[in-house]
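A structural walkthrough
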Amino acid sequence: MFVPTALEMSVFRFMVFLFFSYELESKPQYNAELPRRIMALSGSCVQIPCRFNVSEISLKSTERLFGFWMKKNHDFKISKNLVFNGKTNIIRGFNNIEILGNLSQRECTTVFYDVMKNHSDNYYFRVETKPSVWNYTYSDNPIYISVSDSPQPPTLKPTDRKEVMEETTVNLSCSAEAPCPKQPPTISWTYIPESANITTQLKEKPDKTQSVFSRMTFKASYMDHRRNISCTATYPRKTSNDTTVETTVMLRVLFPPKETRITIVPSDSVSVGTNVTLTCKSKANPSNDMNYTWYKRGYENQLDFGEQLTFTVNRKNGGWYFCTAKNKHGIQKSEEIQLIVAESLSLIIGCVVGVSAFLLIFLLITLFLRVQRVKASTIRETDISDQGHDKQVQISSIFANGAFVSGEELEMPKDENDIVHYGEIDFSTPQTKSTTVKSSGQETIYTEVRGPEKEMNQD
């Protein structure tokens with residue numbers, strides 16, 4: 001029986017190693033799963049999703065694995081190409097590079113920090129082992145990192161939805177690239193309907209890159225028609241200001257006529273012989289196939305068709321008018337509006353003024369008669385009380401004059417209006433003389449009676 005010596009065993013192992021290493025370097029099935037291209041924002045980081053393939057036997061024969069990244073060229077022996085050496089932890093051209101993935105589980109996801117525009121290039125991944133059983137550069141699967149000063153605008157979907165029916169549910173989704181998941185962009189919406197519900201989350205795309213995904217759901221209203229809805233993404237970065245980009249879509253809502261109303265030109269009160277135009281206005285979509293019909297209260301048939309109703313006013317045109325607006329989604333009736341003919345208006349005003357004047361005159365006459373009755377009643381009461389007093393004054397005056405009080409001077413009145421006239425009574429000749437004197441606004445009648453003169457001489 002042939003027993004190989006120790007030297008022969010060593011040579012055999014070496015040949016197996018060379019063969020195995022050659023197989024690794026030459027077989028295309030050993031590749032890295034990397035995106036073909038990734039966009040990065042200057043002043044931020046970029047995360048490269050990475051996974052590599054290797055046989056289970058090769059993986060178990062190693063104690064430790066190390067990752068490498070080369071720029072521009074996959075030849076790791078050229079020092080200027082090597083930007084990251086996992087064995088020595090050497091980093092060239094970047095502030096920091098960190099492999100997040102567990103290499104023993106074939107994960108090689110890596111973050112490049114503080115990328116700049118001059119970092120744009122192809123990058124290659126390489127794996128080395130300890131002990132150095134196998135090493136492999138995945139030269140067939142580079143990733144191109146494109147660094148820009150401005151991020152890509154967010155994607156707003158559906159972009160092909162031209163129109164939605166009123167009262168139906170609308171779903172809008174907005175996604176913004178997150179090349180640096182450690183500092184993802186924030187998403188905001190402009191013009192948010194009252195019924196809207198918004199959810200936002202960080203999602204992984206099929207190529208393993210990240211994006212921020214926001215969904216807005218709401219029920220369409222006719223008031224949303226032709227509204228611009230914008231999705232805005234704000235990216236944090238190591239600059240003085242954050243970067244903001246947005247995408248806008250116009251919402252188009254199909255709905256039946258709304259807010260149907262009538263306008264009158266020149267006004268709602270016109271004179272006979274005036275040309276008047278009534279216009280029916282309404283909101284609807286579509287509006288190019290709108291049908292308008294005119295009606296007047298008290299008339300069963302339609303007056304006319306069309307957006308406008310024009311005629312020359314006569315006395316019979318006054319009354320209440322309304323219209324209907326119709327498209328393929330529905331119909332709506334306007335509120336009634338009154339057309340007032342000026343002559344009719346003048347007649348109404350004249351009637352109102354006439355009735356008001358009659359009532360005013362009636363009220364004044366009634367008030368005057370009442371005042372007269374009260375005044376007459378007061379005068380009668382005053383006359384009754386004054387008659388008894390006047391009789392006493394007249395009798396006293398007569399007796400005083402008849403006594404012929406001599407030697408007494410009559411007291412002169414102090415006021416011209418208080419002048420009193422005295423009379424003499426002549427009993428011989430029935431002569432009477434009456435004198436009327438006004439005193440303090442009242443009339444006083446004095447009577448002079450003269451007697452026979454000879455009888456007075458005898459005394």
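All of the points below concern the structure found in this document. Here the structure is a predicted model, which means the values were calculated and not measured.

Basis of the calculations
Residues numbered from 1 in each chain as written. Predicted model: local features only at pLDDT ≥ 70, side-chain atom pairs only at ≥ 80, totals over all residues. Heavy atoms only, no water. Helix = DSSP H or I, 4+ residues; strand = E, 2+ residues; numbered from the N terminus. Buried < 20%, exposed > 50% of the residue type's maximum accessible area, 1.4 Å probe, protein only. Contact = heavy atoms within 4.5 Å. Areas by Shrake-Rupley, 256 points an atom, 1.4 Å probe, with all protein chains shown as cover. Core = buried A, V, L, I, M, F, W, Y, C linked by side-chain atoms within 4.5 Å. Pairing = 2+ DSSP bridges. Salt bridge = Lys/Arg side-chain N within 4 Å of Asp/Glu carboxyl O. Axes fitted to C-alpha atoms, helices over the stretch in contact; angles between N-to-C directions. Disulfide = S-S within 2.5 Å. Patch = residues over 30% accessible without salt bridge, like charges linked within 9 Å, V, L, I, M, F, W, Y side chains within 5 Å.

**Considerations on the overall build of the chain**
When its secondary structure is counted, the chain shows 4 helices and 31 strands. Buried residues in the chain amount to 34% of all 459 residues. In the chain, the share of contacts with a sequence separation of at least 24, taken over all contacts with a separation of at least 6, comes to 60%. Accessible surface for the chain amounts to roughly 29,600 Å². Of this, 52% is attributable to carbon and sulfur atoms.

**Regarding the nonpolar core**
Counting 30 residues, the largest nonpolar core has Phe 52, Trp 69, Val 83, Phe 112, Tyr 123, Phe 125 and Tyr 138 as its most contacted members. Among the elements of the structure, strand 2 (37-41), strand 3 (46-48), strand 5 (64-71), strand 6 (82-85), strand 10 (121-130) and strand 12 (143-148) are those that each provide at least two residues to this core. Once residues lying within four places of it in the same chain are set aside, the contact partners of Phe 52 are Asn 31, Ala 32, Leu 65, Leu 103, Arg 106, Glu 107, Cys 108, Phe 125, Val 127 and Tyr 138.

**Observations concerning the sheet that holds strand 14 (residues 164-165)**
Read across the open sheet, the 4 strands follow the order 14-21-23-26; overall the sheet is mixed. The open sheet has two free edges, formed respectively by strand 14 and strand 26 (308-312), since each of these has just one partner strand. One ladder, built from 2 bridges, connects strand 14 with strand 21 (residues 253-265); its direction is parallel. Looking across to strand 21, one finds that Met 165 is bridged to Leu 254.

**Notes on the pairing of strand 18 (residues 210-219)**
Most of strand 18 sits inside the fold, with 7 of its 10 residues counted as buried. Alignment of strand 15 (residues 169-177) against strand 18, held across 9 bridges, turns out to be antiparallel. Pairing of Ala 176 across the sheet is with Val 212, part of strand 18. Pairing between strand 17 (residues 197-204) and strand 18: 8 bridges, direction antiparallel.

**A word on the pattern of salt bridges**
Taken as a whole, this structure holds 10 salt bridges when the rule is applied. The salt bridge partner of Arg 51 is Glu 107, with a shortest N-O separation of 2.7 Å. Here the residue Arg 51 occupies a position in strand 4 (residues 51-52), and Glu 107 occupies one in the loop between strand 8 (96-99) and strand 9 (110-113), the gap between them amounting to 56 residues. Glu 128 is the partner of Lys 87 in a salt bridge, and the nearest nitrogen-oxygen pair spans 3.1 Å. Here the residue Lys 87 occupies a position in the loop between strand 6 and strand 7 (90-91), and Glu 128 occupies one in strand 10, the gap between them amounting to 41 residues.

**Regarding the sheet that holds strand 9**
The sheet built from 3 strands is open, its strands ordered 3-9-8 with antiparallel pairing. Every interior strand has two partners, whereas the edge strands, strand 3 and strand 8, have only one. The average undirected angle you get between the axes of adjacent strands in this sheet is 15°.

**Describing the state of the cysteines**
Between two cysteines, a covalent bond joining their sulfur atoms is known as a disulfide. For the structure shown, the criterion picks out 4 disulfides. A sulfur-sulfur distance of 1.6 Å marks the disulfide that ties Cys 174 to Cys 231. Residues Cys 174 and Cys 231 are joined through a disulfide that is left-handed, its torsion about the S-S bond being -70°. Taken as a pair, Cys 174 in strand 15 and Cys 231 in strand 19 (residues 227-235) lie far apart in primary sequence, 57 residues in all. Note on Cys 174: relative accessible area 0%, which makes it buried. Across the disulfide, Cys 280 is cross-linked to Cys 323 (sulfur-sulfur distance 2.1 Å).

**Considerations on unusual backbone geometry**
The omega torsion of the bond from Lys 157 to Pro 158 falls at -5°, within 30 degrees of zero and hence cis. Here Pro 158 is to be found in the loop between strand 13 (155-157) and strand 14. In this structure, the amide linkage connecting Val 265 to the following residue, Pro 266, adopts the cis form with an omega of 20°. With phi around 65°, Arg 226 is a residue other than glycine that occupies positive phi space. If you trace the backbone, Arg 226 turns up in the loop between strand 18 and strand 19.

**Focus on a nonpolar patch on the surface**
On the surface, Val 355, Phe 358, Leu 359 and Phe 362 cluster together into a nonpolar patch covering about 460 Å² of accessible area. On the accessibility criterion, Phe 358 (58% relative accessible area) is exposed.

**Examining the pairing of strand 27 (residues 319-327)**
In terms of burial, strand 27 is largely enclosed, as 7 of its 9 residues are buried. Where strand 24 (residues 291-296) lies against strand 27, 6 bridges are found, and the strand directions are antiparallel. Bridge assignment links Lys 296 to a residue of strand 27, and that residue is Tyr 321. Bridge count for strand 27 against strand 29 (residues 337-341) is 3 bridges, and the pairing is antiparallel. For Trp 320, the partnering residue across the bridge sits in strand 29 and is Gln 338. Here strand 27 runs beside strand 28 (residues 330-333); their pairing, made up of 4 bridges, is antiparallel. Bridge pairing links Ala 325 to Gln 332 in strand 28.

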